[in-house]
Amino acid sequence: QYNRVDFGSKKWKSVRVQAMSPSGNTIQLRLNNPEGKVVGQIKIPNGKEWGLYEARLSRFDPGVYNLVAVSQDNARVEIDWIIFE
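Criteria and thresholds
- Residues numbered from 1 in each chain as written.
- Predicted model: local features only at pLDDT ≥ 70, side-chain atom pairs only at ≥ 80, totals over all residues.
- Heavy atoms only, no water.
- Helix = DSSP H or I, 4+ residues; strand = E, 2+ residues; numbered from the N terminus.
- Rg over C-alpha atoms; globule rule 2.2 N^0.38 Å.
- Buried < 20%, exposed > 50% of the residue type's maximum accessible area, 1.4 Å probe, protein only.
- Contact = heavy atoms within 4.5 Å.
- Areas by Shrake-Rupley, 256 points an atom, 1.4 Å probe, with all protein chains shown as cover.
- Pairing = 2+ DSSP bridges.
- Axes fitted to C-alpha atoms, helices over the stretch in contact; angles between N-to-C directions.
- Core = buried A, V, L, I, M, F, W, Y, C linked by side-chain atoms within 4.5 Å.
- Polar contact = N/O pair within 3.5 Å; in protein donor to acceptor, adjacent residues only side chain to side chain.

Visitor: Help me out: how do you make sense of the overall build of the protein in this one?
Guide: A count of helical and extended segments in the protein gives 0 helices and 7 strands. Moving toward the C terminus, one meets the helices and strands of the protein in the order β-β-β-β-β-β-β. Taken over the C-alpha trace, the protein has a radius of gyration of 12 Å; the compact-globule value for 85 residues is 12 Å, and the two agree within 12%. Counting only C-alpha atoms and orienting by the principal axes, one finds that the protein spans roughly 35 × 25 × 20 Å. The buried share of the protein, taken over its 85 residues, is 39%. Looking at the protein alone, contacts between residues at least 24 apart form 75% of all its contacts between residues at least 6 apart. For the protein, the exposed area adds up to about 5200 Å²; of that, 44% sits on carbon and sulfur atoms.

Visitor: How should I be thinking about the sheet that holds strand S1 (residues 2-6) in this particular structure?
Guide: Taken together, the 4 strands give an open sheet; going across it, the order is S1-S6-S3-S4, and neighbouring strands pair in antiparallel fashion. Each having just a single partner strand, S1 and strand S4 (38-44) make up the two edges of the open sheet. Here the average twist between neighbouring strands, direction ignored, is 30°. The sheet contact formed by S1 and strand S6 (residues 64-71) spans 3 bridges and is antiparallel.

Visitor: Would you mind showing me how to read the nonpolar core here?
Guide: Side chains that are nonpolar tend, in soluble globular proteins, to be buried together. Grouped together as the largest cluster of nonpolar side chains are 18 residues, with contacts concentrated most on Val15, Val17, Leu29, Ile42, Phe60, Ile82 and Phe84. Where this core is concerned, the elements lending two or more residues are strand S2 (14-20), strand S3 (25-31), S4, strand S5 (51-56), S6 and strand S7 (78-84). The residues touching Val15, leaving out its near neighbours within four places in the chain, are Leu29, Ile42, Tyr53, Glu54, Ala55, Leu57, Ile82, Ile83 and Phe84.

Visitor: Please explain the side chain of Asn25 as it appears in this structure.
Guide: If you trace the backbone, Asn25 turns up in strand S3. Only 2.6 Å separates the side chain of Asn25 from the backbone oxygen of Ala75, close enough to count as a polar contact. Apart from residues lying up to four places away in sequence, Asn25 is in contact with Ile42, Lys43, Ile44, Ser71, Gln72, Asp73, Ala75, Arg76 and Val77.

Set out below in structure tokens:
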């Protein structure tokens, strides 16, 4: 979880993450809590090396939110960084 992420007034279109998952995984980016609105879903293929992965974002109102990364496959995933564009 990343607390108090200020998305400002810009309407973001995509998200990129640097991540790795030895057995593969799909992560959802949600607002405020693990059951919050899904704003992005990123498939991380299996591998032991860091990779850069991108996904389109769903529309959401600008503002400040807690950003929660939720594993969909209950498999190990490591996230180095997340950037919005």
